[in-house]
Amino acid sequence: MSTRRTRPAPRPPEGTPPRTELARQARAALADAVRIAHWAADAPASGSSAPLAAQALERAATALELSPAQVRAGWDRARLAGLIELHGDTARPGWRLRAWDRDDSAVLRGWVALFDAWSLVHAAPEGIETGAVAEAVEAVPQVLSLLQLSAGPVPVPALLDLLAQRIAELQGERCEVPYGTGRAAGESAPADGRPAPAPASASVPAPAPSADRNADLDALLLDWALEGLAAVGALTLGNGHATLTPLGNWAVWVKLEQICVAAQSPAGNIEQSAADMLLGCARLTPGPARDEYRAWLAARTVGSAVAELLAVARGEDALLRGLAFEALRVVGAPAEPEVRAVVDHPSLRPYALLWLAEYEGVDPDDAQEILSREEATWLWVDTAAAVADHGETGLLVRHLDSAVQGTVPALLDEVRAVGHPRTVQVLVALAAAHPDPALAKAVRRAAFQVHTGGA
């Protein structure tokens, strides 16, 4: 056991409703999206990567007694919340939809996914440069933090000041020069210090944007952001002020806690490679280990983190292979395409199948049933290799009880046939550890037969 002191589980702010109530509010906010997702799942030809086709839109509006605009909005929300998945022109129910009525955590994760996508739910005003929109999206977390810390209504002018300040900081960090005030790249001043003549193509310099123009743009962007966050149920807008809803307050708090975990990773794993991080988590209990995984993941892009974890899983260390998939469970939905892509990799197949089954809503206790006998046996050998390399001999003996075969002779027959590269080492280690001389002898004989290629 580890003697490392762990960070105590944080408590939500006082007044935060219990998770059951938050989940009820999330279900209410996504009620139309859930109805449309069920309709789309029952009508396979209705999905497309673009908005619903005209005929499908009309059918859905008629069947669900909603306006076309409501159907289109609900369709987008269902996709963003992970309630439906598009496979070509076919819409299939996402795992969250299957777990929607029984799993509050799945509901809350779905709503948070929609919350994260607020800028896609509510289109940006026309005529604004993409860069300005991106800066506003990047600055909004500061606005949300102020709303969360204030625990009540915040005047819009205060939010506008904060947004403008944050946008200015972002521009300063990028060393941006206001348009029309700088010298062209690579252009130098004359040696005598006199002002350089303006080039012919720029004899009339463009005026720098005025402060009033910037203020008007910031105000327009703030209105758009507040309306988008209100559209997903994260806040409410009053007469000149904004207030986080209980769901919005809880979501912002969760994200602030994730930042704290990333900044305060107790074991210092945040800067380690995936392999070193996983080894550092090997003797932690599941809860603290997941905290370490989250801290490590928060410091990386999802794509690079998943790629690094799968690269470790392809290696020879069976312990790291299993831990890599535990970390991928923390990643969740963003890892699904990459995990699905390695299903045909012999050493990763059992792990990937179990990961996908749990991702699709199968109870972890029942997920083992999806493995074939051969896959389950291969996984048993791989787990035994991890125990032999990193565990105690007593654990290896107890690992016998987890085999699907039921008897040692049947297990040995199938272990010899499965072709795992560590079979000999596992059997030798098991024979050395087992207290029963007769069983140990049988295991040693099986190891010798595998080693020599005998029957």
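Residues numbered from 1 in each chain as written. Predicted model: local features only at pLDDT ≥ 70, side-chain atom pairs only at ≥ 80, totals over all residues. Heavy atoms only, no water.

Section: the overall build of the chain
Short version of the rule: Secondary structure counts use DSSP, requiring at least four H or I residues in a row for a helix and at least two E residues in a row for a strand, with both numbered from the N terminus. For every residue, the accessible area obtained with a 1.4 Å probe (protein chains only) is divided by the maximum for its type, and the residue is called buried under 20%, exposed over 50%, and partly exposed between those limits. Contacts: residue pairs with any heavy atoms within 4.5 Å of one another. Throughout, the Shrake-Rupley method with a 1.4 Å probe supplies accessible areas, and for residues the shown protein chains are the sole cover considered.
Helix and strand counts for the chain stand at 23 helices and 5 strands. In the chain, which comprises 455 residues, the proportion classed as buried is 40%. Considering only contacts within the chain whose residues lie at least 6 apart along the sequence, 66% involve residues at least 24 apart. Only carbon and sulfur atoms are counted for the fraction: they give 55% of the accessible area of the chain, which is about 24200 Å².

Some remarks on helix α6 (residues 104-116)
Heads up, the condition is: Here the expected span of a helix is defined as 1.5 Å times the quantity of residues minus one.
Taking 1.5 Å of rise per residue, the 13 residues of α6 would be expected to cover 18 Å, and the 18 Å separating its terminal C-alpha atoms lies within 8% of that figure. All of the buried residues in α6 are A106, V107, L108, G110, W111, V112, L114 and F115.

Re the packing of aromatic side chains
How we decide: Stacked, tilted and edge-to-face are the three classes applied to pairs of Phe, Tyr and Trp rings, where Trp contributes its six-membered ring and a pair requires centres within 6.5 Å; stacked means planes under 30 degrees apart, edge-to-face means over 60, and tilted covers the rest.
Evaluation of the coordinates by the stated rule reveals 4 aromatic pairs. Ring geometry for W118 versus W224: centroids 4.9 Å apart, planes at 50°, classification tilted. A residue pair is termed long-range when its members are at least 10 positions apart, and W118 in helix α7 (residues 118-121) and W224 in helix α10 (residues 211-231) qualify at 106 residues. On the accessibility criterion, W224 (3% relative accessible area) is buried. When the centroid spacing of 5.6 Å and the interplanar angle of 20° are considered together, the rings of F325 and Y351 count as stacked. With F325 in helix α15 (residues 318-331) and Y351 in helix α17 (residues 349-359), the pair connects residues that are 26 residues apart, well separated along the chain. Exposure class is identical for F325 and Y351. Each is buried.

Focus: the nonpolar core
Formally: The term nonpolar core refers to a set of buried residues drawn from Ala, Val, Leu, Ile, Met, Phe, Trp, Tyr and Cys, joined through side-chain atoms within 4.5 Å.
In this structure, L278, L309, F325, L328 and W380 are the most contacted members of the largest nonpolar core, which totals 67 residues. Sequence-distant contacts of L278, that is, excluding residues within four places in its chain, are made with Y293, L309, V312, L320, L323, A324 and A327.

Quick notes on the sheet that holds strand β5 (residues 241-244)
Keep this limit in mind: Pairing between two strands requires that DSSP report at least two bridges joining them. Here an angle of 0 to 180 degrees is reported between the N-to-C directions of two axes, which are lines fitted to C-alpha atoms, with helices fitted over the stretch in contact.
In space, the 3 strands of this open sheet follow the order β3-β5-β4, with antiparallel pairing throughout. Both outer strands of the open sheet, β3 (154-155) and β4 (235-237), are each paired with one neighbouring strand and no more. Direction of pairing for β4 relative to β5: antiparallel, over a ladder of 3 bridges. From the neighbouring strand, L235 faces β5, where its bridge partner is L244. In this fold helix α8 (residues 130-150) packs onto β3, β4 and β5, with an angle of close to 75° to the strand it touches most, β5.

Some details on the pattern of salt bridges
Rule in force here: Salt bridges are identified by distance alone: a Lys or Arg side-chain nitrogen within 4 Å of an Asp or Glu carboxyl oxygen.
One pass over the structure, following the stated rule, counts 14 salt bridges. The partner of R340 in a salt bridge is E360, and the shortest N-O contact between them spans 3.2 Å. You can see R340 sitting in helix α16 (residues 336-341) and its partner E360 sitting in the loop between α17 and α18 (364-367), a full 20 residues away along the chain. We classify E360 as partly exposed; its relative accessible area is 32%. Residues joined by salt bridges that share partners form a network here, namely E326, R329 and E358.

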